[in-house]
Amino acid sequence: MTMPGQPAKQGPRSLDPHLRRYAARTAGMTASEIRALFAVASRPEVVSLAGGMPHLAALPMDSLSEEIGQLVATEGLVALQYGSAHGVPLLREQICDVMAMEGINGHPDDVVVTVGSQMGLDMVTRIFCDPGDVVIAEGPSYVGALGSFTAYQANVAHVAMDADGLVPSLLREALEACKRAGQRVKFLYTIPNFHNPAGVTLAVSRRAEILEICRSYGVLVVEDNPYGLLGFDGQTYPALRSMDPDNVVYLGSFSKTFAAGLRVGWVLAPHAVREKLVLAAESATLCPPTLNQMIVSRYLSTQDWKGQIKTYREAYRERRDAAVSALEQHMPQGSTWNIPNGGFYVWVTVPEGIDTKAMLPRAVTARVAYASGTGFYADGFGSRQLRISYCYPTPERIREGVRRLANVIEEEMQLHATFGATPGRQLSGPQTPSPDTA
């Protein structure tokens, strides 16, 4: 008991004096698994197979610098000024031309330009999800999407994939289970082409069935497609949006096909949804950077952007081949992986008893980094999986990185054989996105 005039006893001091002030929705926010290690992982002696960074050395830097200089000199008063939250009109028209390559007949009025497709994910989740709502997502799924869903206190129900992508029968089972439980499913979030992180592509034969299932349960589809033009054989697949325009919100990005640092993406939405997205964009950023949008627009107007995509495809195919051949040569027995036909990623399953999250610090010590599998699930699964990104390092560095990774796994196997499995710490929730897990 405190006597009058005596100071009140102080409880234990928190390291964060603002801890009790945070909103409840911040409780599930956890940092990227390798963010704390990224300062080490980014050293030149470490081969990073972690981040999905595009191969910018393939861009025509000289002509781009001239065009950007001309843009500022001739249109700087517009490019450096505030703009509309809707996006630059010419760029929205050009985006419709880009989407037409995948069969989408979009109207510029229904395109909302965003600061990367991550902003689009955030806005879509914000306008559709109340706390406790359910989002269906593939298992595994993109870590940035899981972070957005958690930030708005939505629950994630994963549906498994196989070599042909999302399994329709399992999607129906998940929706039926949510219906029986009285849960409101707001949308299916899917990456149909060259999936991040799994690397698989949704079979064309399954696309109409998945759309029909979602319609029958009254569930919106959110199609995230940053890699769709990066198929190694040049094939493009029909977008889900092209098959059901009224029930699909489409997310696109120039981060993988042009330049990630400009942070220009877009959302193509049904007309009524578009208006809500513009209002959400105004509250988030007031307007996306006009200069960056005009740079992308000028690039599409003056450069051979289709030829540049072909150059990217060839570079990434060469790197995919280097990654797969190195896995075949070095990985220990009991390891499996997919062979992607586009995109940036190989999804690897390691031998039983190995926890890729627990192993990550030891891998970085051995001068190789990757993204461990648990970050791509909302429920703590994925401890035997890891994602290899082959998009950024040279083929020689990729082969060396995989060799180092295989050595680390073999050492882990020896420790497991000697001492038994060491339980890994489970995640409390999905991670917030960061460049090292993009």
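The rules we used
Residue positions within a chain follow its written sequence, with the count starting from 1. Where totals are concerned, whole chains, interfaces and linings use all residues; where local detail is concerned, this predicted model gives features only for residues with pLDDT of at least 70, and gives and counts side-chain atom pairs only at 80 or more. Just so you know, side-chain values use all the structure's heavy atoms and leave hydrogens and water out. UniProt positions are given in the numbering used here, feature names are shortened, and annotations may be inferred rather than shown by experiment. Only DSSP runs of H or I with at least four residues qualify as helices, and only runs of E with at least two residues qualify as strands; both kinds are numbered from the N terminus onward. Exposure is judged per residue with a 1.4 Å probe applied to protein chains only, and the accessible area is read against the type maximum: over 50% gives exposed, under 20% gives buried, and values in between give partly exposed. Contacts were defined at the residue level, with two residues in contact if any of their heavy atoms lie within 4.5 Å. Both cavities and pockets are sets of points on a 1 Å grid over the protein atoms alone; in a cavity a 1.4 Å probe fits but cannot get out, in a pocket the set is open with protein on both sides within 12 Å along at least five of seven lines, and lining residues sit with an atom within 4 Å of a point. Grid points are joined across faces, edges and corners, and a volume is the space filled by probe spheres set on the points. By the convention used here, strands pair only if DSSP detects at least 2 bridges between them. As a rule, the C-alpha atoms of each element are fitted with a line to give its axis, helices using only the stretch in contact, and angles between N-to-C directions run from 0 to 180 degrees. This arc is taken over the directions from the axis of the helix to the C-beta atoms. The set of buried Ala, Val, Leu, Ile, Met, Phe, Trp, Tyr and Cys residues whose side-chain atoms join them within 4.5 Å is what this entry labels a nonpolar core. pLDDT runs from 0 to 100 and stands for how confident the predictor is about each residue. Between 30 and 60 degrees the pair is tilted, below 30 it is stacked and above 60 it is edge-to-face, where a pair is any two Phe, Tyr or Trp rings, Trp via its six-membered ring, whose centres lie within 6.5 Å. Here roughly perpendicular refers to angles of 65 to 115 degrees, roughly parallel to angles under 35, roughly antiparallel to angles over 145, and oblique to all remaining angles. For any pair of crossing helices, the crossing counts as left-handed if the nearer helix is rotated counterclockwise from the farther one by less than a right angle, and right-handed if it is rotated clockwise. Here the term charged refers only to Asp, Glu, Lys and Arg, the term nonpolar to Ala, Val, Leu, Ile, Met, Phe, Trp, Tyr, Cys and Pro, and the term polar to all other amino acids, Gly among them. One side-chain nitrogen of Lys or Arg within 4 Å of one carboxyl oxygen of Asp or Glu is enough to make a salt bridge.

In the annotation of an unreviewed UniProt entry, the entry for the protein reads PLP-dependent aminotransferase family protein, and the organism field reads Lentzea rhizosphaerae. In UniProt, the protein has this text filed under Cofactor (unreviewed entry): "pyridoxal 5'-phosphate".

Below, the discussion takes up the overall build of the protein. Along the protein, the regular secondary structure elements total 13 helices and 14 strands. Scored against the burial criterion, the 438 residues of the protein give a buried share of 55%. Contacts in the protein between residues far apart in sequence, at least 24 positions, make up 78% of those at least 6 positions apart.

In this section: empty space enclosed by the protein. Applying the stated rule across the entire model yields four cavities of 30 Å³ or more. The space that makes up the largest cavity amounts to roughly 150 Å³. Lining the largest cavity are 18 residues, and of these Val-98, Leu-229, Ser-253, Thr-257 and Trp-266 lie nearest its centre. Those elements giving two or more residues to the lining of the largest cavity turn out to be α3 (89–100), β8 (248–253), α10 (290–302) and α11 (305–330).

This part is about the sheet that holds strand β6 (residues 185–190). A sheet is described by the order of its strands in space; here eight strands give the open sequence β2-β9-β8-β7-β6-β3-β4-β5, paired in mixed fashion. Single-partner strands in this sheet number two, and they are β2 (111–114) and β5 (165–166). As paired strands, strand β3 (residues 134–139) and β6 are joined by four bridges and run parallel to one another. Across the sheet, Val-134 pairs through a bridge with Val-185, a residue of β6. Along the sheet, α3 contacts β2, β8 and β9 (265–268); its crossing angle with β2, the most-contacted strand, is approximately 105°.

Another point: helix α12 (residues 356–365). Those residues of α12 that fall on the buried side of the exposure criterion are Thr-356, Lys-357, Met-359, Leu-360, Ala-363 and Val-364. Buried residues of α12 fall within an arc of 140° about the axis and therefore sit on the same side.

Nonpolar side chains in soluble globular proteins tend to end up buried together. Counting 70 residues, the largest nonpolar core has Leu-91, Met-99, Phe-254, Phe-258 and Ile-388 as its most contacted members. If one sorts the elements of this core by residue count, α11 sits on top with eight residues. Not counting residues up to four positions away in its chain, the partners in contact with Met-99 are Ile-104, Val-111, Tyr-250, Trp-266 and Leu-268. Val-124, Cys-129, Ala-137 and Ala-281 belong to the second largest nonpolar core, which has 34 residues in total.

The next point concerns the confidence of the model for the protein. Counting all residues, the mean pLDDT for the protein is 91, and 90% of those residues have values of 70 or more. Taken as a whole, residues 424–429 scores under 50 in pLDDT and shows 10 contacts with residues more than four places along the chain or in a different chain.

Glancing now at the packing of aromatic side chains. Within this structure, the stated rule accounts for 13 aromatic pairs. Consider the rings of Tyr-227 and Phe-344, whose centres lie 5.4 Å apart with planes at 65°: the pair is edge-to-face. Here the residue Tyr-227 occupies a position in the loop between β7 (220–224) and α8 (240–243), and Phe-344 occupies one in the loop between β10 (336–337) and β11 (345–349), the gap between them amounting to 117 residues. Comparing Tyr-227 with Phe-344 shows no difference in burial state: the two are buried. Geometrically, the ring pair formed by Phe-232 and Tyr-390 is tilted, given 6.5 Å between the ring centres and 55° between the ring planes. Residue Phe-232 is located in the loop between β7 and α8, and its partner Tyr-390 is located in the loop between β14 (385–389) and α13 (395–419); the two are separated by 158 residues in the primary sequence. When sorted by exposure, Phe-232 lands in the same class as Tyr-390, which is buried. Through a chain of ring-to-ring contacts, three or more aromatic side chains come together here, namely Tyr-227, Tyr-312, Tyr-316, Phe-344 and Tyr-345.

Right, let's talk about the packing of α11 against α13 for a bit. Two elements in contact, α11 and α13, have axes whose closest approach is 9 Å; the angle formed by their N-to-C orientations is 30°. Classed by the angle they form, the pair α11 and α13 counts as roughly parallel. The two elements α11 and α13 cross, and the hand of that crossing is right-handed. Contacts between α11 and α13 involve Glu-318, Arg-319, Ala-322, Ala-323, Ala-326, Leu-327 and His-330 from the former and Pro-395, Ile-398, Arg-399, Val-402, Arg-403, Ala-406 and Glu-410 from the latter.

One can describe the packing of helix α4 (residues 116–128) onto helix α9 (residues 271–285) by two numbers: an axis separation of 10 Å at closest approach and a directional angle of 115°. Compared by their axis directions, α4 and α9 come out roughly perpendicular. Note on packing geometry: the crossing formed by α4 with α9 is right-handed. Taking contact as the criterion, the partners of Met-119, Met-123, Val-124, Arg-126, Ile-127 and Phe-128 in α4 are, on α9, Val-273, Lys-276, Leu-277, Ala-280, Ala-281, Ser-283, Ala-284 and Thr-285. Partitioned by chemical class, the residues of the contact of α4 with α9 number 10 nonpolar, two polar and two charged.

For Asn-247, the location among the structural elements is in the loop between α8 and β8. Sequence-distant contacts of Asn-247, that is, excluding residues within four places in its chain, are made with Cys-214, Arg-215, Val-219, Leu-220 and Val-221.

This model, assessed by the stated rule, comprises 16 salt bridges. Close ionic contact of Arg-126 with Asp-122 constitutes a salt bridge, the shortest N to O distance being 3.8 Å. Residue Arg-126 and its partner Asp-122 are located together in helix α4, separated by four residues, close to a single helical turn. Given a relative accessible area of 28%, Arg-126 falls into the partly exposed group. The partner of Lys-310 in a salt bridge is Glu-314, with the nearest N and O atoms 2.6 Å apart.

This part is about the sheet that holds strand β13 (residues 371–372). What the four strands build is an open sheet, ordered β10-β11-β14-β13; its pairing is antiparallel. Sheet topology places β10 and β13 at the edges, where each strand pairs with a single neighbour.

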